[in-house]
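Below are the chains, spelled out letter by letter.
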Amino acid sequence: MANWTFLTNHALVLLCIADDPEARLRDIAASLKMTERSAFGIVTDLVEAGYVVKEKDGRRNRYHIQAHLPLPDPAGRERTVGEILALLVGTGPGGKDPNGADPNGAAPNGAGPGSTGPGGAGPGGAGPAGPAGGTGPAGGTG
């Protein structure tokens, strides 16, 4: 079996956040089999790049994915974070679009374009190992 994955650790962390915007760094690290320090560094990278907004909620953090932002792509194809998340986690009948809206256009919790990513995405469902066909969330480089 191959000991690698198609997705970087940054993409895997983004999928974890899409799955649970209130996930603790400890939970993200444990689900991806990485250290908390690594998870913290990746979340910091995503926040500094503007792809994730971190909101303090008491003693916890809540993360908001900026699904409308384009991903850096040297080939010049403009894909948004939301399009990639939708591709990786799949959206179908009854599913949510990349901006967190339901199929009828209603957005949960006031979410809209540039607010939060899809719910139900990530390692618990058709997450990192599913569409990529890899061996799971371990491996890859950030």
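Scroll up to find the structure.
Residues numbered from 1 in each chain as written. Predicted model: local features only at pLDDT ≥ 70, side-chain atom pairs only at ≥ 80, totals over all residues. Heavy atoms only, no water.

Q: Describe unusual backbone geometry, naming the residues involved and giving the relevant values.
A: Positive phi values are uncommon outside glycine, yet K33 reaches one of about 55 degrees. Topologically, K33 is positioned in the loop between α2 (25-32) and α3 (36-48). (Helix = DSSP H or I, 4+ residues; strand = E, 2+ residues; numbered from the N terminus.)

Q: Outline the packing of helix α1 (residues 9-19) against α2, listing residues and values.
A: The geometry of α1 relative to α2 is characterised by a closest axis approach of 10 Å and an angle of 125 degrees between their N-to-C directions. Classified by the interaxial angle, the pair formed by α1 and α2 is oblique. Like other packed secondary-structure pairs, α1 and α2 cross with a definite hand, here right-handed. Counting all contacts with α1, which are made through L12, V13, C16 and I17, the residues of α2 involved are I28, S31 and L32. (Axes fitted to C-alpha atoms, helices over the stretch in contact; angles between N-to-C directions. Parallel < 35°, antiparallel > 145°, perpendicular 65-115°, else oblique. Left-handed = near helix turned anticlockwise from the far one by under 90°. Contact = heavy atoms within 4.5 Å.)

Q: Just give me the short version of α1, but keep the residues and values in it.
A: With 9 of its 11 residues buried, α1 lies for the most part within the structure. Each element contacted by the buried residues of α1 is listed here: α2, α3, β1 (52-57), β2 (60-65) and α4 (81-89). (Buried < 20%, exposed > 50% of the residue type's maximum accessible area, 1.4 Å probe, protein only.)

Q: Describe in detail the pairing of β2, supporting the description with residues and values.
A: Pairing between β1 and β2: 6 bridges, direction antiparallel. By the bridge assignment, V53 is partnered in β2 with H64. Hairpin connection between β1 and β2: a loop of 2 residues separates the two successive antiparallel strands, and G58 in this loop has a positive phi of roughly 70 degrees. (Pairing = 2+ DSSP bridges.)

Q: Please provide a residue-by-residue account of the nonpolar core, values included.
A: Core analysis: the biggest nonpolar cluster contains 25 residues, and V13, I17, I28 and I65 have the highest contact counts within it. Elements that contribute at least two residues to this core include exactly α1, α2, α3, β2 and α4. Per element, the largest residue contribution to this core is 7 residues, and it comes from α1. Residues within four places of I28 in sequence aside, it is in contact with V13, C16, I17, A23 and A39. (Core = buried A, V, L, I, M, F, W, Y, C linked by side-chain atoms within 4.5 Å.)

Scope: geometric values only; no functional claims are made or implied.
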